[in-house]
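Read off the chains here:
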Amino acid sequence: MVKLVIPGTLPNLNDYTYANRSISRKRNFNSGAKMKRETEEYITVFIRQQLRGVSFKNKVKLAFTWYEPNRKRDMDNICFAKKFILDALVRNDVIKTDGWQGVAGFYDEFDISKNNPRIEVEIYEVE
């Protein structure tokens, strides 16, 4: 098992949906793609710091613990960010794929940490 800790909070589903809508002249059609790219780049910083040299050959299970500063955001919107985390893990060769061939499942837990919001991801290799 390895553990990845990502400080702060990540964009949720509502943020991403809003970014993908081309209603406002202040946003262009690439706003959603830009948000995804920047979020994955942010996650990559912590992958490179904490998981240097880690590469799973077999399927993995992941346990996500989402520490939010308060209860304002809905849990289902918060955990949407696992899409960004999984894509960053694939891009950094920590896991082979985030599809059925590489991920056996995942689990989400939620808690409040007003002074230290973060996401903790425990990755377990499955035989």
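Notes on the structure in this doc start here. Being a predicted model, the structure only gives us computed values, none of them experimental.

### Side note on the packing of helix 2 (residues 31-50) against helix 4 (residues 82-91)
- Two numbers describe how helix 2 lies on helix 4: the axes approach to 9 Å, and their chain directions differ by 60 degrees. Taken together, the axes of helix 2 and helix 4 lie oblique to each other. In this structure, helix 2 crosses over helix 4, and the sense of that crossing is right-handed. Residues Lys 36, Thr 39, Glu 40, Ile 43, Thr 44 and Ile 47 of helix 2 pack against Lys 83, Phe 84, Ile 85, Asp 87, Ala 88, Leu 89 and Arg 91 of helix 4.
- Residue composition of the contact of helix 2 with helix 4, grouped by class: six nonpolar, two polar and five charged.

### Focus on the pattern of salt bridges
- Scanning all chains against the criterion turns up nine salt bridges.
- Measuring nitrogen to oxygen at the nearest pair gives 2.3 Å for the salt bridge that ties Lys 36 to Glu 40. Note that Lys 36 and Glu 40 are positioned in helix 2 at a spacing of four residues, about one turn of the helix.
- For Lys 36, a relative accessible area of 21% corresponds to the partly exposed category.
- Overall, Glu 40 belongs to the buried group, its relative accessible area being 4%.
- Two residues, Glu 40 and Arg 91, come together in a salt bridge whose shortest N-O distance is 2.2 Å. With Glu 40 in helix 2 and Arg 91 in helix 4, this pair connects stretches of sequence that are 51 residues apart.
- Here the salt bridges share partners, and the residues they tie into one network are Lys 36, Glu 40, Lys 83, Asp 87 and Arg 91.

Conventions adopted
Residues numbered from 1 in each chain as written. Predicted model: local features only at pLDDT ≥ 70, side-chain atom pairs only at ≥ 80, totals over all residues. Heavy atoms only, no water. Axes fitted to C-alpha atoms, helices over the stretch in contact; angles between N-to-C directions. Helix = DSSP H or I, 4+ residues; strand = E, 2+ residues; numbered from the N terminus. Parallel < 35°, antiparallel > 145°, perpendicular 65-115°, else oblique. Left-handed = near helix turned anticlockwise from the far one by under 90°. Contact = heavy atoms within 4.5 Å. Nonpolar A, V, L, I, M, F, W, Y, C, P; charged D, E, K, R; others polar. Salt bridge = Lys/Arg side-chain N within 4 Å of Asp/Glu carboxyl O. Buried < 20%, exposed > 50% of the residue type's maximum accessible area, 1.4 Å probe, protein only.

Purely geometric stuff here, so don't read any function into it on its own.
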